[in-house]
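Here is how the chains run, residue by residue.
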Amino acid sequence: MAPILRLEGVTKRFGGLVAVDNVSFEVQPGEVFALIGPNGAGKTTLFNCITGIYKPSLGKVTFQDRDLTGSLPHRTAKAGIARTFQNIRLFEYMSALDNVRLGHHCRMHAKLWDSLFKTPLETREERQVIEHSMELLKLVELDNVADSYARNLAYGQQRRLEIARALATDPKLLLLDEPAAGFTPQEKVELMELVQVILDRGITVFLIEHDMRVVMQASKRIVVLDHGEKIAEGTPAEVRNNQRVIEAYLGKSA
Amino acid sequence: MSRLRGFIRSNARNPNAIAYALMLVAALFYPAIVQFANGGNGDYLVGLAADGGVYVLMAIGLNVVVGFAGLLDLGYAAFFAIGSYTYAEVASYHLGVTPIGHALHVPFWLALFVGMFIAAVAGALLGAPTLRLRGDYLAIVTLGFGEIVPIVFRNGGIWTGGVPGISALDQPTLPGWIQGPWIGQALAWVPDFRLNSGNLTAYYVLMMVLIALSVVIVHNLYNSRLGRAWMAVREDETAAAASGVNTVSIKLLAFSIGAATSGFAGAFYGAKLSYVSSENFGFTVSVTVLAMVVLGGMGNIPGAMLGGFVLYFILYWLLPNAPQQVESLTTAVGLGSLNAATPGGWPGIATEVANSKFLIFGLILVGIMLLRPQGLLPSQVRKQELTHSAHEAVAAPRQLQ
């Protein structure tokens, strides 16, 4: 099967610092793909290169056979890549419902004219978007707090709301940046169930995660980054026994 | 009837609905009240409110830029000027004296929209290169633009009439108008009605209708996908972009819509005065409109409107009348000796008050902001932000970042 996402020699430099160094891999459709590595390994930078927040210094990003290298964030979103952020970035003074409604923005058809004069098309579309947003909120079990400001939600709820907002863009590929950070074991189990539901909707999941148990259980394949370089790729079992990975995490044994 | 009652009940606790209702009532009865209170000589006050309406229109437009999208625009008067001058060019004898040699007399209503369109284009042209800038940088660029535009018009030579500007613009016309006993005339339909200083009530009514229309339109925008996108961009540009919002084009749209409103107001203003001059579009205008928005309640349409009317009346009615009022007050309390100038350098109370007009204006502004930092009629979001920042020490107001 053709890969849904392909990275070829992606490199990102900030001045003299090489944050991501010549990284290549492929993500297959329908799988859970994980990116792991110690702090500062360049994982989030790589996510930013994929979603267009950064423009890669070198290399190529291909999504569903389309070259997305250095395309702007709203274009990658429209192409079908959605993401969440490591340090939650919700619209704090918008309601949970409005956060998810905003996620529909790039799939809506109302033009300026429709918005100015509230045409029937606009009214109908808004109604559909509200319905769909409520469905997504139900999916992440937030339908009972739809009217609360995002900033007033509990931490775990905010993480789930971010996922709902990302799903609202109708993605083919969902990038989750440390979705289980700060979660209790119970919340982690629920998150993994949610990931399964997302997979069942035909969305490929690509996640960064620190919790090895979550990663090993959930993902089919793993790429390991260290100091911006790819040091290993394979199934959880392969990666776990890889000497370089063990060194990267635990240091060289004397 | 039950529907109406349901509507009233569901909005009875919504401060914005109440504000709209009160403003509507006030707008409807204002002419009758001032005429009655002044024994039929209230025309001046009716005209004043209509002139204030021009500023209210601008406040509604600037509220889209500053309040909704969070873009600090310090050169808003530039678009007001562009709208006015556009009207002056296309609806007066002026082009006849330029090398073109042929005057244009575009009909009033069409010319208004020409002014609006040209201002919107100017907004897009200024916005396209500058809206990549954030916060303070954008403010400086717009400040520069606001300074440049009047200077260009002043130095435009024969094309813009130079320092004296352009006069004898075509006056507003309406296809028809109903006259009646409320302005002391017999009930009659007047076709091809010309607005001028002799029928200020008609001018007032027209202004209020235009304001009402623009409120409906801006309200629609606010509740549409565009309004949501503006809010999202204001809160977190990166997250908005990652959620599929084209941040540059959405900001550009806010900027252009603001410019269009200002241009429309400018065209109307020029038509009413029948005269434009670059003197009328300085930095003071930009700052006054910004103060109206901030003072009224940034991000809230009725707030911006209220701020507009309040500041306009302070500036153009309260302060000009203050010296005279103070003089009669001192006389009434037996301090009439203060009224006369003395050789010792005391200029007399009236002159003193007139001289400190802007000091008083400043004190009023500071006073309102101290008493109601969130504005007279704040948006819910703004209110929340301020209470949160008071309790949790959140950094600077997000709107201006």
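The structure presented is a predicted model; accordingly, all values stated were derived computationally and were not measured.

S.K.: Even after reading the chapter, I still don't get the overall build of chain A, so can you show me in this structure?
M.R.: Along chain A, the regular secondary structure elements total ten helices and ten strands. Here the C-alpha atoms of chain A give a radius of gyration of 19 Å, agreeing with the 18 Å that 2.2 N^0.38 yields for 254 residues. Counting only C-alpha atoms and orienting by the principal axes, one finds that chain A spans roughly 70 × 40 × 35 Å. Sorting the 254 residues of chain A into buried and exposed places 46% on the buried side. Across chain A, the fraction of contacts at a sequence separation of at least 24, relative to all contacts at a separation of at least 6, is 66%.

S.K.: Would you mind going over the overall build of chain B with me for this structure?
M.R.: Broken down by element type, chain B carries 16 helices and four strands. With 401 residues in all, chain B has 43% of them scored as buried.

S.K.: I'm lost on the domain arrangement of chain A in this one. Help?
M.R.: Many descriptions give the size of an interface as the accessible area lost when the pieces come together. Residue and element names in this part refer to chain A. Looking at chain A, the domain boundaries give domain 1 (1-80 + 171-254) and domain 2 (89-169). Its C-alpha centre places domain 1 at a distance of 27 Å from the equivalent point of domain 2. Counting from both sides, the interface comprises eleven residues of domain 1 and, opposite them, ten residues of domain 2. Of all the secondary structure elements, the ones that give two or more residues to the side of domain 1 that touches domain 2 are helix 2 (73-79) and helix 7 (185-200). Within the side of domain 1 that touches domain 2, the residues separate by chemical class into seven nonpolar, two polar and two charged.

S.K.: Where do I start with the packing of helix 2 (residues 15-37) of chain B against helix 13 (residues 301-332) of chain B in this structure?
M.R.: How two helices sit against one another is set out by the angle between their axes and by the gap between those axes. All names here are of chain B. Two elements in contact, helix 2 and helix 13, have axes separated by 9 Å at closest approach and are oriented at 40 degrees. It follows that helix 2 is oblique to helix 13 by the angle criterion. As helix 2 packs across helix 13, the resulting crossing turns out to be left-handed. Facing helix 2, whose interface residues are Asn16, Ala19, Tyr20 and Met23, helix 13 presents Pro302, Met305 and Leu306. Looking at the contact of helix 2 with helix 13, its residues break down into six nonpolar, one polar and no charged.

S.K.: Honestly, the packing of helix 4 (residues 77-90) of chain B against helix 7 (residues 136-154) of chain B in this entry has me stumped. Any pointers?
M.R.: Residues and elements named next belong to chain B. One can describe the packing of helix 4 onto helix 7 by two numbers: an axis separation of 8 Å at closest approach and a directional angle of 25 degrees. Compared by their axis directions, helix 4 and helix 7 come out roughly parallel. Here helix 4 runs over helix 7; the crossing is left-handed. Between helix 4, through Ala77, Ala78, Ala81, Ile82 and Tyr85, and helix 7, the contact on the second element is made entirely by Phe145, Gly146, Val149, Pro150 and Phe153. Looking at the contact of helix 4 with helix 7 residue by residue, the class counts come to nine nonpolar, one polar and no charged.

S.K.: Is there a simple way to explain unusual backbone geometry in this structure?
M.R.: Backbone phi values are negative for most residues with the exception of glycine, while trans is the configuration of most peptide bonds. The residue Asp65 of chain A is not glycine, and still its phi comes out positive at about 65 degrees. In this structure, Asp65 of chain A sits in the loop between strand 4 (58-63) and strand 5 (66-67). For Asp65 of chain A, a count of 9 C-beta atoms within 10 Å translates into the label exposed. The backbone phi angle of Ala168 of chain B is positive, close to 55 degrees, even though this residue is not glycine. Checked against the element boundaries, Ala168 of chain B lands in the loop between strand 1 (166-167) and strand 2 (173-179). Residue Ala168 of chain B is classed as exposed on the basis of its C-beta count, with 11 C-beta atoms lying within 10 Å.

S.K.: What's the story with the interface of chain A and chain B in this structure? I'm lost.
M.R.: Listed per partner, the contact involves 29 residues of chain A and 23 residues of chain B. Looking at the side of chain A that touches chain B, the elements with two or more residues in it are helix 2, helix 3 (96-103) and helix 4 (112-117) of chain A.

S.K.: Please clarify how helix 4 of chain B should be interpreted in this entry.
M.R.: Think of an α-helix as 3.6 residues a turn; residues three or four steps apart then line up on the same face. Over its 14 residues, helix 4 of chain B runs 20 Å from end to end, which matches the ideal 20 Å to within 8%, given 1.5 Å per residue. With 14 of 14 residues buried, helix 4 of chain B lies mostly within the body of the structure.

S.K.: Mind showing me how you'd approach the environment of Ser278 of chain B here?
M.R.: The residue Ser278 of chain B is located in the loop between strand 4 (275-276) and helix 12 (283-297) in this model. A sequence separation of 115 residues divides Ser278 of chain B from Val163 of chain B, and the C-alpha atoms of the two residues are 7.0 Å apart.

S.K.: Before we go on, may I ask you to explain helix 13 of chain B in this structure?
M.R.: All names here are of chain B. For helix 13, the principal kink sits at Ala322 and spans about 50 degrees; a proline, Pro323, occurs within the next four residues. Looking at helix 13, one finds that the buried residues are Ile301, Pro302, Gly303, Ala304, Met305, Leu306, Gly307, Gly308, Phe309, Leu311, Tyr312 and Leu315. With its phi angle positive at about 85 degrees, Gly334 sits one or two positions after the end of helix 13.

S.K.: What should I look at first to understand the pairing of strand 9 (residues 221-226) of chain A in this one?
M.R.: Looking along a regular strand, one sees the side chains alternate between the two faces of the sheet. All names here are of chain A. For strand 9, the buried fraction is high: five of the six residues fall into the buried class. Where strand 3 (residues 32-36) and strand 9 come together, four bridges link them in parallel fashion. Bridge pairing links Ile36 to Val224 in strand 9. Where strand 9 lies against strand 10 (residues 229-234), five bridges are found, and the strand directions are antiparallel. Looking at the pairing, Val224 lines up with Ala232 of strand 10. In textbook terms, the turn of a hairpin is the stretch between consecutive antiparallel strands, and for strand 9 and strand 10 this stretch comprises two residues, one of which, His227, has a positive phi near 50 degrees.

Parameters and conventions
- Residues numbered from 1 in each chain as written.
- Chains lettered and ligands numbered in written order.
- Predicted model: local features only at pLDDT ≥ 70, side-chain atom pairs only at ≥ 80, totals over all residues.
- Helix = DSSP H or I, 4+ residues; strand = E, 2+ residues; numbered from the N terminus.
- Rg over C-alpha atoms; globule rule 2.2 N^0.38 Å.
- Buried ≥ 20, exposed ≤ 12 C-beta atoms within 10 Å, placed from the backbone.
- Contact = placed C-beta atoms within 7 Å.
- Domains from an automatic or database assignment.
- Nonpolar A, V, L, I, M, F, W, Y, C, P; charged D, E, K, R; others polar.
- Axes fitted to C-alpha atoms, helices over the stretch in contact; angles between N-to-C directions.
- Parallel < 35°, antiparallel > 145°, perpendicular 65-115°, else oblique.
- Left-handed = near helix turned anticlockwise from the far one by under 90°.
- Expected span 1.5 Å × (residues − 1).
- Bend = angle between axes of the 7 residues up to and from the residue.
- Pairing = 2+ DSSP bridges.

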